[in-house]
Structures are given as C-alpha cells and as structure tokens.
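Spelled out from the first residue to the last, the chains are:
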Amino acid sequence: MSESLLDRVPVIPVVVIENLDHAVPVAKALVAGGLPVIELTLRTPVALDAIERIAAEVPDILLGAGTIVTPGQAKQALDAGAQFLVSPGSTPTLTAAMRDTGLPHLPGAATVSEVLTLLEAGYTELKFFPAEASGGANFLKSIHSPVPAARFCPTGGITAASASSYLALPNVGCVGGSWITPADVLAREDWDAVEAAAQHVHENT
Ligand SMILES: O=C(O)C(=O)C[C@H](O)[C@H](O)COP(=O)(O)O
C-alpha cells in the first residue's frame, strides 16, 4: 500500500467488537455507507478472530488493527489479516515490532517531544491520542508552525460535531473515532444505523 494512511478517508471508524458475530455485519455496514475502512481495536478477547473474519468475508474494506500496545500484538494482527496498525502511544520496541510487520502503521504521540522522537525515527504520519484530553485541535494548530513535518490522525473524544474543526487543520489528514459504531448501537445490532452514520461521514466530510 503506497498511498498515505492519512489521505484515504476523512474518518477512520474505531470499532470495539464484544461479540464475534458482529464483526462482519459492522464491516459490511461501513462499506455500504461509503466508508470502507475499519480500525478494529485489540481490546476484547475476540478482536483477533474478528479481524480474521472480516479479512475473509469483507475483502472490500481496508482493515486495520488498533490498540497495539505490546510488540507481540503487531505480529498477531498481521497474522490475523490486518492491513494497517495503529498504536495509542509509542516505545522503541513497539515501533520496531510494527515496522517488522511491513504494514503501514500510525504510532501514537501526545506531546511535542514524542512527536520529535518519532520524526527522528522516520515517521511523519502519527496518531494524536488522546486528542481531546491532550489539547485537541488547539494543540495541533499550535505545533504546526514549529513542527510542520508531522501530520496527524487525531483520535480520542472526537465527535461528529468536532471532527470538522480537526479536519480543517493543515497538519490533519483524517480523524479517528468510535462515534460511528457506538457500543449501544452494536449491542442492539442496528446495522442500518451504522450504515447511516457512515453515510453521514461520507457525505459531510
Ligand atoms: O484503542 C485504541 O487504539 C486507542 O488508541 C483509543 C481509541 O482510538 C480511542 O479510544 C477512540 O476514541 P473514542 O472515539 O473517544 O472512543
């Protein structure tokens, strides 16, 4: 995949799957809504199996694994079929493990020093997490002049209403968020609502 991860879609849906049977319907609803990308978080026991199922049954979706917090998870996500990786923060061993997979990946940063450390390691595309709690759009606006080389996918606390203020910034390529697939919507298996939320993003960003 040569194209930048930040420039494919304006919003990356961040999805927490509790019930393995929800994985494929959620992925299909996102594709049907015109948002063919998913970041499946490795936060639940079924997450790797969910990635495997989506890889096998929804080939049209760009399939990522999120919440990569240990080096071993990078390889596990690769083996399950993930096509990109996202971590909420970064350590040298974590970024090395993600790089070893050969997959595109977004390492997380929340401070200027973390951003500079990742730039030194060769990264120019980063996740900014937790975005709202770490200063939000104002933080990104403030660091653009001193550190113009870094571009971001802010994630954490972003909503349908606040996404546009991030997307208007020159150093933001896309945002991530779970608002398209909230826990209550998944729990009641309302795939039409997921499709409608994806379509809303597709048509309004
Ligand atoms: O699990 C990860 O990989 C994370 O780094 C955190 C998630 O990206 C955010 O928790 C999503 O943020 P919300 O849209 O506020 O739910």
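For every chain, the first residue of the written sequence is number 1, and numbering continues from 1 along that sequence. Given that this is a predicted model, residues contribute local features only at a pLDDT of at least 70 and side-chain atom pairs are listed and counted only at 80 or more, while totals for whole chains, interfaces and linings are drawn from all residues. Here the side-chain values reflect all heavy atoms present in the structure, with hydrogen atoms and water set aside.

The test is simple: UniProt positions are given in the numbering used here, feature names are shortened, and annotations may be inferred rather than shown by experiment.
In the nomenclature of an unreviewed UniProt entry, the protein is known as 2-dehydro-3-deoxy-phosphogluconate aldolase of Rhodococcoides kyotonense. Turning to the protein, the UniProt annotation filed under Catalytic activity (unreviewed entry) states: "2-dehydro-3-deoxy-6-phospho-D-gluconate = D-glyceraldehyde 3-phosphate + pyruvate". In the Pathway (unreviewed entry) part of its UniProt record, the protein is described as follows: "Carbohydrate acid metabolism; 2-dehydro-3-deoxy-D-gluconate degradation; D-glyceraldehyde 3-phosphate and pyruvate from 2-dehydro-3-deoxy-D-gluconate: step 2/2."

Re the overall build of the protein
The condition that has to hold: The helix and strand labels rest on DSSP assignments: H or I over at least four residues marks a helix, E over at least two residues marks a strand, and numbering proceeds from the N terminus. In this treatment the radius of gyration is a C-alpha quantity, and the globule benchmark scales as 2.2 Å times the residue count to the 0.38 power. The rule is simple: take the accessible area with a 1.4 Å probe, protein chains only, and divide by the maximum for that residue type; under 20% is buried, over 50% is exposed, in between is partly exposed. Here a residue-residue contact requires only that any non-hydrogen atoms of the pair lie within 4.5 Å. We count Lys and Arg on the positive side and Asp and Glu on the negative side, and we leave His and both chain ends out. Working definition for charges: the position is that of NZ of Lys, CZ of Arg, CG of Asp or CD of Glu.
For the protein, the helix and strand inventory stands at nine helices and nine strands. Here the protein has a C-alpha radius of gyration of 16 Å; the compact-globule value for 205 residues is 17 Å, and the two agree. Each principal axis of the C-alpha atoms in the protein carries an extent, and together these give about 45 × 35 × 30 Å. The burial tally for the protein puts 50% of its 205 residues in the buried class. Sequence separation of 24 or more characterises 59% of the internal contacts of the protein that already satisfy a separation of 6 or more. Seen as two clouds, the 10 positive and the 21 negative side-chain charges of the protein have centres 4 Å apart.

Some words on the sheet that holds strand 4 (residues 84–86)
Put simply, the rule is: The rule for pairing is simple: two strands pair if DSSP sees at least two bridges between them.
Pairing within the open sheet is parallel, and its six strands lie in the order 5-4-3-2-1-9. Looking at the sheet topology across the chains shown, the edges are occupied by strand 5 (105–106) and strand 9 (175–177). Here strand 1 (residues 11–15) pairs with strand 2 (residues 37–41) via two bridges, running parallel. Bridging from a neighbouring strand, V14 pairs with E39 of strand 2.

Details of the layout of surface pockets
To keep it simple, the criterion reads: A pocket, in this scheme, is an open set of points on a 1 Å grid over the protein atoms alone with protein on both sides within 12 Å along at least 5 of 7 lines, while a cavity is a set where a 1.4 Å probe fits but cannot get out; residues line either one if an atom lies within 4 Å of a point. Grid points are joined across faces, edges and corners, and a volume is the space filled by probe spheres set on the points. Residues are grouped as follows: nonpolar covers Ala, Val, Leu, Ile, Met, Phe, Trp, Tyr, Cys and Pro; charged covers Asp, Glu, Lys and Arg; every other residue, Gly included, is treated as polar.
Looking at the largest pocket, its volume works out to about 210 Å³. Lining the largest pocket are 16 residues, and of these V14, R43, K127, F129 and T155 sit closest to its centre. Per-class residue counts for the lining of the largest pocket are five nonpolar, eight polar and three charged.

What about unusual backbone geometry?
A cis amide bond links F129 to the next residue, P130, at an omega of -10°. Summarising the element assignment, P130 is placed in the loop between strand 7 (125–128) and helix 6 (136–144). Phi angles above zero are rare outside glycine, and T67 is one such case at about 60°. Relative to the assigned elements, T67 resides in the loop between strand 3 (62–66) and helix 3 (71–80). The residue E189 is not glycine, and still its phi comes out positive at about 55°. Looking at the element boundaries, E189 is found in the loop between helix 8 (183–187) and helix 9 (191–204). Under the relative-accessibility criterion, E189 is labelled partly exposed at 45%.

A short note on the packing of aromatic side chains
In this description, a pair of aromatic rings is defined by centroid distance and the angle of the planes. The test is simple: Each aromatic pair joins two rings of Phe, Tyr and Trp (for Trp, the six-membered one) with centres within 6.5 Å, and gets the label stacked for planes under 30 degrees apart, edge-to-face for over 60, and tilted for any other angle.
Evaluated as defined, the whole model comprises two aromatic pairs. Considering the side-chain rings of F128 and F139, the 4.8 Å spacing of their centres and the 10° angle between planes classify their relative orientation as stacked. With a gap of eleven residues between them, F128 in strand 7 and F139 in helix 6 connect regions that are remote in the sequence. For the pair formed by F128 and F139, the shared burial category is buried. With a centroid separation of 6.2 Å and an interplanar angle of 70°, the aromatic rings of F128 and F152 are classed as edge-to-face.

Thoughts on the sheet that holds strand 6 (residues 108–109)
With parallel pairing, three strands are arranged side by side in an open sheet as 6-7-8. Both edges of this open sheet fall to strand 6 and strand 8 (151–154), since each of them pairs with a single strand only. Here strand 7 runs beside strand 8; their pairing, made up of four bridges, is parallel. Bridge pairing in strand 8 places F128 opposite P154.

Quick look at the site of the ligand
Our working definition: Whether a residue is near a molecule or strand depends on its heavy atoms: it is near if one of them lies within 4 Å of it. The definition of a polar contact used here is a pair of N or O atoms within 3.5 Å, where within protein one atom must be able to donate a hydrogen and the other to accept one, and adjacent residues in sequence count solely through side-chain atom pairs. We get accessible surface area from the Shrake-Rupley algorithm with a probe of 1.4 Å; when it comes to residues, only the shown protein chains can shield them. The rule for placing a molecule in a cavity or pocket is simple: more than half of its atoms must lie within 2 Å of the grid points.
Near the ligand, the surroundings consist of 14 residues, among which R43, T67, K127, G157 and S178 are the closest. A distance of 2.7 Å separates an oxygen atom of the ligand from a polar side-chain atom of K127. The side chain of S178 places a nitrogen or oxygen atom 2.6 Å from an oxygen atom of the ligand. Bound to the protein, the ligand loses 84% of the 400 Å² it would expose on its own. Judged by the proximity of its atoms to the pocket grid, the ligand belongs to the largest pocket. Tallied by class, the residues present in the shell around the ligand amount to three nonpolar, eight polar and three charged.

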